[in-house]
Amino acid sequence: MKKTSRKAAVELPLNEILAGDCIEIMNSLPEGSVDLIFADPPYNLQLKGDLHRPDNSKVDAVDDEWDQFSSFAAYDKFTKDWLAAARRVLKPNGAIWVIGSYHNIFRVGSELQNQGFWILNDVVWRKSNPMPNFRGKRLTNAHETMIWAGKNEDSKCTFNYEALKALNEGTQMRSDWVLPICNGGERLKNEAGEKAHPTQKPESLLHRVLVGATNPGDVVLDPFFGTGTTGAVAKKLGRDFIGIEREEAYRKVAAKRLSKVRKFDKESLMVSASKRAQPRVPFGQLVERGMLLPGEELYSMNMRHKAKVRADGTLVGGPDVSGSIHQVGAQLEGAPSCNGWTYWCYKKDGKTVPIDLLRQQIRAEMN
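All values reported here derive from a predicted model rather than from experimental measurement.

Visitor: Describe the side chain of Gln-115, listing the residues and the values that go with them.
Guide: Within the fold, Gln-115 resides in the loop between helix H3 (105–114) and strand S4 (118–127). If we ignore the near neighbours within four places in the chain, the residues touching Gln-115 are Lys-80, Leu-83, Ala-84 and Arg-87.

Right, dumping it as structure tokens:
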């Protein structure tokens, strides 16, 4: 019998900065292996000549070779190729975030849809301290746009709704984010004391993206790693990262930066969870476990109504009123629906105790 050899599975190069072309490297990674991609591709700014301030001092604008393309067609081909490689490496329920300016984001968005990505939101990052328009011929560019998209229409992408709501002081997070650009002590410098990267993104932006769209232990890929903002925030938040960067100078700065980053402790990485994501606890389980006994009386939180617990976990609140904790609460209040967990309480040592505390006790044991 002829012996066949099995090709060893390619392991993910977690928490590494990979040198080279992002398309080639992504195509060499295992298919369907990455949870999230954050991409900050070249913007193709099409700058013509130097940009000067009113005092004639030169602006340190993006004029690097990596941001220059011969034509829109060349840029579109580049976009098509790197997005195809990115989609290949994403897990079925994976997602991508792409950031850009008016120069490129519409072309990128079109190609995302062409390739089957499913756009979930566009997010406007409104800069609280934008760079002014020195020529005075256009509006000040005070925002950039991010596109959040699932791998396909059926992808069940991670969305930590409650965590983002908590970040926003209990208010639903909107799609316009007011955050400052990277400056001050956060702005990395090279050995000459100059900006290490012309478009370094602030950590606050990546913090919001990763808290909202990933969980601890997820793998986050950044194909345009630059000075490593994605990796730094991912490392702090207990996510694994893969960085791809072709420019050696940026890799050196990113490696030095990441060597100083420490992960937050496990307790600090926990975020507010959606109530829907918590384990389901049937009311009858409280009766089975003797936490509430058949015949025990429950009281509405407003003390206007009461009902008796039955052995099967249902309640009886009168001759014609019986059913689940939710159904009986609704019938007694004459309401179309009722959340029985927050409606009912019981008495213990002369004090009223919400039955939801018993549910939370069971959930804590389950977790």
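Visitor: I'd like to hear about unusual backbone geometry, residue by residue, with values.
Guide: One non-glycine residue, Asn-15, adopts positive backbone phi at about 60°. Here Asn-15 falls in the partly exposed class, since its relative accessible area comes to 39%. In the Ramachandran plot, Asp-349 falls in the positive-phi region, its phi being about 55° despite a non-glycine side chain.

Visitor: Give a description of the environment of Asn-215 that names residues and reports values.
Guide: For Asn-215, the location among the structural elements is in the loop between helix H5 (203–213) and strand S7 (219–222). Dropping the residues within four chain positions of it, Asn-215 is found in contact with Thr-158, Asn-160 and Arg-239.

Visitor: An account of the sheet that holds strand S9 (residues 297–300) is requested, with residue identities and associated values reported.
Guide: Across the sheet, six strands lie side by side as S12-S11-S10-S9-S13-S14; this open sheet has antiparallel pairing. Here the strands that pair on one side only, and so sit at the sheet edges, are strand S12 (321–323) and strand S14 (351–354). Each strand of the sheet is rotated relative to its neighbour by a mean of 35°, with strand direction disregarded. One ladder, built from four bridges, connects strand S13 (residues 344–348) with S14; its direction is antiparallel. The partner of Lys-348 across the bridge, within S14, is Lys-351. The sheet strands contacting helix H10 (residues 325–333) are strand S10 (306–309), strand S11 (315–318), S12 and S13, and the helix crosses S12 at an angle near 155°.

Scoring rules and cut-offs
Residues numbered from 1 in each chain as written. Predicted model: local features only at pLDDT ≥ 70, side-chain atom pairs only at ≥ 80, totals over all residues. Heavy atoms only, no water. Helix = DSSP H or I, 4+ residues; strand = E, 2+ residues; numbered from the N terminus. Contact = heavy atoms within 4.5 Å. Buried < 20%, exposed > 50% of the residue type's maximum accessible area, 1.4 Å probe, protein only. Pairing = 2+ DSSP bridges. Axes fitted to C-alpha atoms, helices over the stretch in contact; angles between N-to-C directions.

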